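Summary of the model geometry
Below are the chains, spelled out letter by letter.
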Amino acid sequence: MSDVEMGVIGCAGRMGQALLREIQQTEGAALAGGIERAGHQAIGQDVGAQAGLGALGLEVGDDVGALMEASDVVLDFTAPEATVRAAAIAAETGTALIAGTTGIEAEGEALITAAAERTVIVRAANFSVGVNLLLQLTRQVAAVLDPDFDIEVVEMHHRHKVDAPSGTALALGIAAAEGRQVDHDEVAERGRDGITGARARGAIGYAALRGGNVAGEHSVIFAADNERIELTHKAGDRAIFARGGVRAALWAHGKPAGRYSMMDVLGFTE
Ligand code: NAD
(Lines give C-alpha, C1' and ligand atoms only; values in the text may rest on other atoms or scores of the structure.)
Protein backbone atom coordinates (compact mmCIF):
# COMPACT_ATOMS: atom_id res chain seq x y z
CA MET A 1 0.00 0.00 0.00
CA SER A 2 1.28 3.50 -0.76
CA ASP A 3 2.18 5.87 2.06
CA VAL A 4 -0.45 8.19 3.54
CA GLU A 5 0.40 11.73 2.35
CA MET A 6 0.27 14.11 5.34
CA GLY A 7 0.24 17.91 5.34
CA VAL A 8 1.05 20.07 8.38
CA ILE A 9 -0.59 23.44 9.07
CA GLY A 10 1.53 25.61 11.39
CA CYS A 11 4.65 23.66 10.44
CA ALA A 12 7.00 26.18 12.10
CA GLY A 13 5.26 25.95 15.47
CA ARG A 14 6.36 23.74 18.39
CA MET A 15 3.78 21.05 17.64
CA GLY A 16 4.16 21.56 13.87
CA GLN A 17 7.88 20.81 14.04
CA ALA A 18 7.27 17.80 16.30
CA LEU A 19 4.70 16.53 13.75
CA LEU A 20 7.17 16.90 10.85
CA ARG A 21 9.73 14.86 12.80
CA GLU A 22 7.14 12.19 13.66
CA ILE A 23 5.90 11.90 10.06
CA GLN A 24 9.52 11.45 8.94
CA GLN A 25 9.99 8.62 11.44
CA THR A 26 6.69 6.81 10.89
CA GLU A 27 6.41 3.89 8.52
CA GLY A 28 3.52 4.30 6.10
CA ALA A 29 3.51 8.11 6.46
CA ALA A 30 4.92 10.60 3.94
CA LEU A 31 5.14 14.39 4.10
CA ALA A 32 2.99 16.17 1.50
CA GLY A 33 3.88 19.71 2.59
CA GLY A 34 3.72 22.35 5.30
CA ILE A 35 2.18 25.80 5.54
CA GLU A 36 2.28 28.76 7.92
CA ARG A 37 0.15 31.83 8.49
CA ALA A 38 0.55 34.54 5.83
CA GLY A 39 3.56 36.75 6.59
CA HIS A 40 5.37 34.17 8.75
CA GLN A 41 9.17 34.27 8.36
CA ALA A 42 9.32 30.52 7.59
CA ILE A 43 7.38 30.96 4.32
CA GLY A 44 9.59 30.17 1.34
CA GLN A 45 12.08 28.22 3.47
CA ASP A 46 12.53 24.46 3.14
CA VAL A 47 9.93 22.68 5.31
CA GLY A 48 12.50 20.26 6.76
CA ALA A 49 15.39 22.71 7.14
CA GLN A 50 13.32 25.24 9.13
CA ALA A 51 12.48 22.43 11.58
CA GLY A 52 16.10 21.29 11.89
CA LEU A 53 15.41 18.08 9.95
CA GLY A 54 17.57 18.74 6.90
CA ALA A 55 16.28 19.83 3.48
CA LEU A 56 13.24 17.89 2.17
CA GLY A 57 12.75 19.72 -1.12
CA LEU A 58 9.39 21.22 -0.10
CA GLU A 59 8.82 24.96 0.46
CA VAL A 60 6.75 26.30 3.35
CA GLY A 61 3.63 27.81 1.75
CA ASP A 62 0.57 29.69 3.02
CA ASP A 63 -2.26 28.19 0.94
CA VAL A 64 -4.52 25.88 2.99
CA GLY A 65 -6.56 24.77 -0.03
CA ALA A 66 -3.45 23.74 -1.99
CA LEU A 67 -2.13 21.79 1.02
CA MET A 68 -5.49 20.01 1.37
CA GLU A 69 -5.47 19.08 -2.33
CA ALA A 70 -1.93 17.68 -2.05
CA SER A 71 -2.63 15.64 1.13
CA ASP A 72 -4.63 12.58 2.16
CA VAL A 73 -4.70 13.86 5.75
CA VAL A 74 -3.85 17.30 7.18
CA LEU A 75 -2.72 17.83 10.78
CA ASP A 76 -3.56 21.14 12.44
CA PHE A 77 -2.21 22.16 15.88
CA THR A 78 -2.30 25.94 15.48
CA ALA A 79 -4.87 28.48 16.69
CA PRO A 80 -8.69 28.36 17.02
CA GLU A 81 -9.55 30.57 14.04
CA ALA A 82 -7.11 28.73 11.75
CA THR A 83 -8.43 25.29 12.72
CA VAL A 84 -12.10 26.19 12.29
CA ARG A 85 -11.26 27.56 8.81
CA ALA A 86 -9.21 24.46 7.98
CA ALA A 87 -12.20 22.26 8.88
CA ALA A 88 -14.44 24.16 6.44
CA ILE A 89 -11.88 23.81 3.64
CA ALA A 90 -11.31 20.12 4.44
CA ALA A 91 -15.08 19.60 4.03
CA GLU A 92 -14.85 21.09 0.53
CA THR A 93 -11.81 19.09 -0.61
CA GLY A 94 -12.78 15.88 1.25
CA THR A 95 -9.38 15.79 2.99
CA ALA A 96 -9.21 14.13 6.43
CA LEU A 97 -8.28 16.52 9.25
CA ILE A 98 -6.56 15.87 12.59
CA ALA A 99 -7.45 18.89 14.75
CA GLY A 100 -5.47 19.30 17.98
CA THR A 101 -5.79 23.03 18.65
CA THR A 102 -7.14 23.80 22.13
CA GLY A 103 -9.24 26.72 23.33
CA ILE A 104 -11.86 26.54 20.55
CA GLU A 105 -15.18 28.01 21.77
CA ALA A 106 -18.51 26.15 21.44
CA GLU A 107 -19.40 28.06 18.25
CA GLY A 108 -16.15 26.96 16.57
CA GLU A 109 -16.63 23.37 17.75
CA ALA A 110 -20.12 23.39 16.20
CA LEU A 111 -18.61 24.49 12.86
CA ILE A 112 -16.06 21.65 13.10
CA THR A 113 -18.89 19.18 13.78
CA ALA A 114 -20.78 20.53 10.74
CA ALA A 115 -17.67 20.14 8.54
CA ALA A 116 -17.33 16.53 9.77
CA GLU A 117 -20.59 15.70 7.98
CA ARG A 118 -18.57 15.89 4.76
CA THR A 119 -15.11 14.61 5.75
CA VAL A 120 -13.25 12.73 8.50
CA ILE A 121 -12.21 14.92 11.43
CA VAL A 122 -10.40 13.57 14.48
CA ARG A 123 -10.68 16.10 17.31
CA ALA A 124 -9.02 15.75 20.72
CA ALA A 125 -7.66 18.14 23.34
CA ASN A 126 -4.99 15.58 24.19
CA PHE A 127 -3.58 13.29 21.50
CA SER A 128 -1.29 11.32 23.81
CA VAL A 129 -2.12 7.63 23.49
CA GLY A 130 -1.10 7.10 27.12
CA VAL A 131 -3.38 9.83 28.48
CA ASN A 132 -6.33 8.49 26.50
CA LEU A 133 -5.63 5.04 27.86
CA LEU A 134 -5.48 6.51 31.37
CA LEU A 135 -8.88 8.16 30.83
CA GLN A 136 -10.38 4.85 29.78
CA LEU A 137 -8.81 2.93 32.68
CA THR A 138 -10.01 5.59 35.13
CA ARG A 139 -13.58 5.27 33.84
CA GLN A 140 -13.43 1.47 34.15
CA VAL A 141 -11.89 1.38 37.63
CA ALA A 142 -14.34 3.99 38.94
CA ALA A 143 -17.24 1.92 37.57
CA VAL A 144 -16.11 -1.12 39.57
CA LEU A 145 -15.20 0.49 42.91
CA ASP A 146 -17.86 1.81 45.28
CA PRO A 147 -17.61 5.25 46.96
CA ASP A 148 -15.70 3.74 49.92
CA PHE A 149 -12.80 4.33 47.55
CA ASP A 150 -11.94 8.02 47.74
CA ILE A 151 -10.85 9.37 44.34
CA GLU A 152 -8.07 11.96 44.18
CA VAL A 153 -6.55 13.39 41.01
CA VAL A 154 -2.99 14.68 41.45
CA GLU A 155 -1.08 16.48 38.71
CA MET A 156 2.33 18.15 38.36
CA HIS A 157 3.43 20.58 35.64
CA HIS A 158 6.31 22.98 34.91
CA ARG A 159 6.55 26.30 36.72
CA HIS A 160 5.18 28.32 33.75
CA LYS A 161 1.72 26.74 33.69
CA VAL A 162 -0.91 29.37 34.49
CA ASP A 163 -4.05 27.29 35.14
CA ALA A 164 -4.89 24.61 37.72
CA PRO A 165 -5.96 21.88 37.79
CA SER A 166 -4.83 21.03 34.26
CA GLY A 167 -7.43 20.35 31.56
CA THR A 168 -6.29 16.73 31.51
CA ALA A 169 -6.71 16.43 35.31
CA LEU A 170 -10.29 17.69 34.96
CA ALA A 171 -10.90 15.26 32.10
CA LEU A 172 -9.70 12.45 34.40
CA GLY A 173 -12.05 13.59 37.18
CA ILE A 174 -14.92 13.72 34.68
CA ALA A 175 -14.04 10.21 33.45
CA ALA A 176 -14.10 8.96 37.06
CA ALA A 177 -17.49 10.63 37.62
CA GLU A 178 -18.82 9.04 34.42
CA GLY A 179 -17.61 5.62 35.60
CA ARG A 180 -19.37 6.17 38.92
CA GLN A 181 -22.42 7.65 37.21
CA VAL A 182 -22.42 10.85 39.27
CA ASP A 183 -22.42 14.54 38.31
CA HIS A 184 -18.78 15.65 38.34
CA ASP A 185 -19.51 19.26 39.33
CA GLU A 186 -21.52 18.12 42.35
CA VAL A 187 -18.72 15.92 43.77
CA ALA A 188 -15.56 17.81 42.72
CA GLU A 189 -13.46 19.19 45.61
CA ARG A 190 -10.93 21.72 44.35
CA GLY A 191 -8.38 23.92 46.08
CA ARG A 192 -8.38 22.63 49.68
CA ASP A 193 -6.73 24.95 52.22
CA GLY A 194 -7.21 25.58 55.96
CA ILE A 195 -9.96 23.94 58.04
CA THR A 196 -11.82 22.26 55.22
CA GLY A 197 -13.73 19.70 57.28
CA ALA A 198 -13.61 15.94 56.72
CA ARG A 199 -13.59 14.57 53.22
CA ALA A 200 -17.11 13.99 51.85
CA ARG A 201 -17.91 10.39 50.86
CA GLY A 202 -17.96 10.16 47.06
CA ALA A 203 -15.98 13.36 46.52
CA ILE A 204 -13.46 13.60 43.68
CA GLY A 205 -10.55 15.69 44.97
CA TYR A 206 -7.84 17.59 43.09
CA ALA A 207 -4.28 18.61 43.94
CA ALA A 208 -1.91 20.53 41.65
CA LEU A 209 1.88 20.70 42.04
CA ARG A 210 4.06 23.14 40.07
CA GLY A 211 7.81 23.11 39.52
CA GLY A 212 10.78 22.71 37.21
CA ASN A 213 10.21 21.75 33.57
CA VAL A 214 7.84 18.80 34.15
CA ALA A 215 5.92 18.31 30.88
CA GLY A 216 2.90 16.79 32.64
CA GLU A 217 2.24 14.08 35.23
CA HIS A 218 -1.19 12.83 36.23
CA SER A 219 -2.22 10.27 38.84
CA VAL A 220 -5.68 9.06 39.77
CA ILE A 221 -5.67 7.56 43.26
CA PHE A 222 -8.45 5.30 44.53
CA ALA A 223 -7.95 5.06 48.31
CA ALA A 224 -10.00 2.84 50.64
CA ASP A 225 -9.21 1.59 54.15
CA ASN A 226 -6.12 -0.61 53.90
CA GLU A 227 -5.77 -0.57 50.11
CA ARG A 228 -5.01 1.91 47.37
CA ILE A 229 -4.95 1.76 43.56
CA GLU A 230 -2.94 4.38 41.68
CA LEU A 231 -3.01 4.97 37.92
CA THR A 232 -0.23 7.25 36.67
CA HIS A 233 0.89 8.77 33.38
CA LYS A 234 4.10 10.79 32.98
CA ALA A 235 4.73 12.84 29.83
CA GLY A 236 8.38 13.54 29.05
CA ASP A 237 8.09 15.51 25.81
CA ARG A 238 5.55 16.99 23.37
CA ALA A 239 6.63 14.27 20.91
CA ILE A 240 3.97 12.06 22.53
CA PHE A 241 1.20 14.34 21.20
CA ALA A 242 2.76 14.28 17.74
CA ARG A 243 2.99 10.49 17.85
CA GLY A 244 -0.71 10.26 18.75
CA GLY A 245 -1.58 12.78 16.03
CA VAL A 246 0.24 10.81 13.33
CA ARG A 247 -1.33 7.58 14.61
CA ALA A 248 -4.74 9.27 14.30
CA ALA A 249 -3.83 10.40 10.75
CA LEU A 250 -2.97 6.85 9.67
CA TRP A 251 -6.24 5.63 11.21
CA ALA A 252 -8.34 8.41 9.63
CA HIS A 253 -7.22 7.73 6.05
CA GLY A 254 -10.10 6.08 4.20
CA LYS A 255 -12.63 6.27 7.08
CA PRO A 256 -16.18 7.48 6.36
CA ALA A 257 -17.00 11.14 7.09
CA GLY A 258 -17.67 11.93 10.74
CA ARG A 259 -16.30 13.55 13.87
CA TYR A 260 -14.09 11.13 15.80
CA SER A 261 -11.98 11.27 18.98
CA MET A 262 -8.80 9.54 20.15
CA MET A 263 -11.09 7.03 21.87
CA ASP A 264 -12.27 5.96 18.39
CA VAL A 265 -8.67 5.81 17.11
CA LEU A 266 -7.72 3.54 20.01
CA GLY A 267 -10.78 1.33 19.51
CA PHE A 268 -12.46 2.09 22.86
CA THR A 269 -15.79 3.05 21.34
CA GLU A 270 -16.49 0.06 19.13
P1 NAD B 1 2.98 27.37 18.66
O2 NAD B 1 2.59 28.80 18.91
O3 NAD B 1 4.38 26.95 18.90
O4 NAD B 1 2.62 26.98 17.14
C5 NAD B 1 1.44 27.36 16.46
C6 NAD B 1 1.81 27.59 15.00
O7 NAD B 1 0.61 27.75 14.25
C8 NAD B 1 2.65 28.85 14.80
O9 NAD B 1 3.81 28.56 14.04
C10 NAD B 1 1.70 29.77 14.05
O11 NAD B 1 2.37 30.67 13.16
C12 NAD B 1 0.85 28.76 13.30
N13 NAD B 1 -0.42 29.35 12.84
C14 NAD B 1 -1.27 30.15 13.49
N15 NAD B 1 -2.29 30.52 12.70
C16 NAD B 1 -2.07 29.92 11.50
C17 NAD B 1 -2.78 29.93 10.25
N18 NAD B 1 -3.90 30.63 10.09
N19 NAD B 1 -2.27 29.19 9.23
C20 NAD B 1 -1.13 28.49 9.37
N21 NAD B 1 -0.42 28.47 10.53
C22 NAD B 1 -0.89 29.17 11.57
O23 NAD B 1 1.98 26.53 19.55
P24 NAD B 1 2.07 24.96 19.94
O25 NAD B 1 2.68 24.81 21.28
O26 NAD B 1 2.64 24.20 18.79
O27 NAD B 1 0.51 24.62 20.10
C28 NAD B 1 -0.41 24.80 19.05
C29 NAD B 1 -1.79 24.38 19.49
O30 NAD B 1 -1.81 22.96 19.73
C31 NAD B 1 -2.28 25.01 20.79
O32 NAD B 1 -3.68 25.24 20.70
C33 NAD B 1 -1.98 23.94 21.83
O34 NAD B 1 -2.76 24.05 22.99
C35 NAD B 1 -2.34 22.71 21.04
N36 NAD B 1 -1.79 21.45 21.56
C37 NAD B 1 -2.61 20.39 21.54
C38 NAD B 1 -2.16 19.15 21.95
C39 NAD B 1 -3.08 17.96 21.85
O40 NAD B 1 -2.67 16.85 22.21
N41 NAD B 1 -4.32 18.14 21.37
C42 NAD B 1 -0.84 18.99 22.39
C43 NAD B 1 0.00 20.11 22.39
C44 NAD B 1 -0.48 21.35 21.96
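Okay, so let's go over this structure. Please read all numbers here as calculations on a predicted model, not as lab measurements.

1. Here's the deal with the overall build of the protein
- Counting its regular elements, the protein contains nine helices and eleven strands.
- A globule of 270 residues ought to have a C-alpha radius of gyration of about 18 Å, and the protein, at 20 Å, matches this closely.
- When the backbone C-alpha atoms are referred to their principal axes, the protein occupies close to 60 × 40 × 35 Å.
- Counting over 270 residues, the protein shows a buried share of 48%.

2. Comments concerning the nonpolar core
- If you look at the biggest cluster of nonpolar residues, it comprises 34 residues, and the most contacted ones within it are Met6, Leu19, Ile23, Ile98, Val122 and Phe127.
- Of all elements in the fold, only β1 (4-9), α1 (14-25), β2 (29-35), β3 (73-76), β4 (96-99), β5 (120-123), α8 (239-252) and α9 (262-265) reach the threshold of two or more residues within this core.
- The element best represented in this core is α8, accounting for six residues.
- Among residues more than four places away in sequence, those in contact with Ile23 are Met6, Val8, Ala29, Ala30, Leu31, Leu75 and Val246.
- Residues Leu135, Ala177, Tyr206 and Leu231 belong to the second largest nonpolar core, which totals 20 residues.

3. Quick word on the packing of aromatic side chains
- All told, the structure shown has two aromatic pairs when counted by the stated rule.
- An angle of 55° between the planes, with centres 5.4 Å apart, marks the rings of Phe77 and Phe127 as tilted. Of this pair, Phe77 sits in the loop between β3 and α3 (80-93) while Phe127 sits in the loop between β5 and α5 (129-144), and the two are 50 residues apart along the sequence. For the pair Phe77 and Phe127, a shared accessibility class is recorded, and that class is buried.
- Between Trp251 and Tyr260, the ring centres sit 5.0 Å apart and the planes meet at 80°, which makes this aromatic pair edge-to-face.
- On the basis of relative accessibility, which here comes to 19%, the residue Trp251 falls in the buried class.
- Looking at Lys255, its charged tip hangs above the ring of Trp251, at a distance of 4.6 Å from the centre.

4. Structural notes on the pairing of β5
- Side-chain alternation along β5 places Val120 and Val122 on one buried face and Ile121 and Arg123 on a second face that is also buried.
- By the bridge criterion, three bridges tie β4 to β5 in an arrangement that is parallel. Bridge pairing links Ile98 to Val122 in β5.
- Traced from β4 through helix α4 (residues 106-115) to β5, the parallel crossover comes out right-handed.
- By the bridge criterion, three bridges tie β5 to strand β11 (residues 258-260) in an arrangement that is parallel. In the sheet register, Val122 faces β11, and the bridge partner there is Tyr260.

5. Points about the site of the ligand
- Taken together, 21 residues lie near the ligand, and Arg14, Met15, Glu36, Thr102 and Phe127 sit nearest.
- Ala125 places a main-chain nitrogen or oxygen 3.1 Å from a nitrogen atom of the ligand.
- Here an oxygen atom of the ligand sits 2.7 Å away from a polar atom, N or O, in the main chain of Phe127.
- In the complex, the protein chains occlude 77% of the 870 Å² of accessible area that the ligand would expose alone.
- Taken together, the residues of the shell around the ligand break down into nine nonpolar, eight polar and four charged.

6. Here's the deal with the packing of α5 against helix α6 (residues 167-180)
- Where α5 contacts α6, the two axes come as close as 7 Å, and the packing angle between them is 30°. Comparing their axes, α6 and α5 come out roughly parallel. For the pair α5 and α6, the sense of crossing is right-handed. In contact with Val131, Leu134, Leu135, Thr138, Arg139, Ala142 and Ala143 of α5, α6 contributes Thr168, Ala171, Leu172, Ala175, Ala176, Glu178, Gly179 and Arg180.
- Along the lines of polarity and charge, the residues of the contact of α5 with α6 split into nine nonpolar, three polar and three charged.

The rules behind each value
Residues numbered from 1 in each chain as written. Predicted model: local features only at pLDDT ≥ 70, side-chain atom pairs only at ≥ 80, totals over all residues. Heavy atoms only, no water. Helix = DSSP H or I, 4+ residues; strand = E, 2+ residues; numbered from the N terminus. Rg over C-alpha atoms; globule rule 2.2 N^0.38 Å. Buried < 20%, exposed > 50% of the residue type's maximum accessible area, 1.4 Å probe, protein only. Core = buried A, V, L, I, M, F, W, Y, C linked by side-chain atoms within 4.5 Å. Contact = heavy atoms within 4.5 Å. Phe/Tyr/Trp six-rings, centres within 6.5 Å; stacked < 30°, edge-to-face > 60°. Lys NZ or Arg CZ within 6 Å of the ring centre and 35° of its normal. Pairing = 2+ DSSP bridges. Right-handed = clockwise from strand over helix to strand, strands pointing away. Near = heavy atom within 4 Å. Polar contact = N/O pair within 3.5 Å; in protein donor to acceptor, adjacent residues only side chain to side chain. Areas by Shrake-Rupley, 256 points an atom, 1.4 Å probe, with all protein chains shown as cover. Nonpolar A, V, L, I, M, F, W, Y, C, P; charged D, E, K, R; others polar. Axes fitted to C-alpha atoms, helices over the stretch in contact; angles between N-to-C directions. Parallel < 35°, antiparallel > 145°, perpendicular 65-115°, else oblique. Left-handed = near helix turned anticlockwise from the far one by under 90°.

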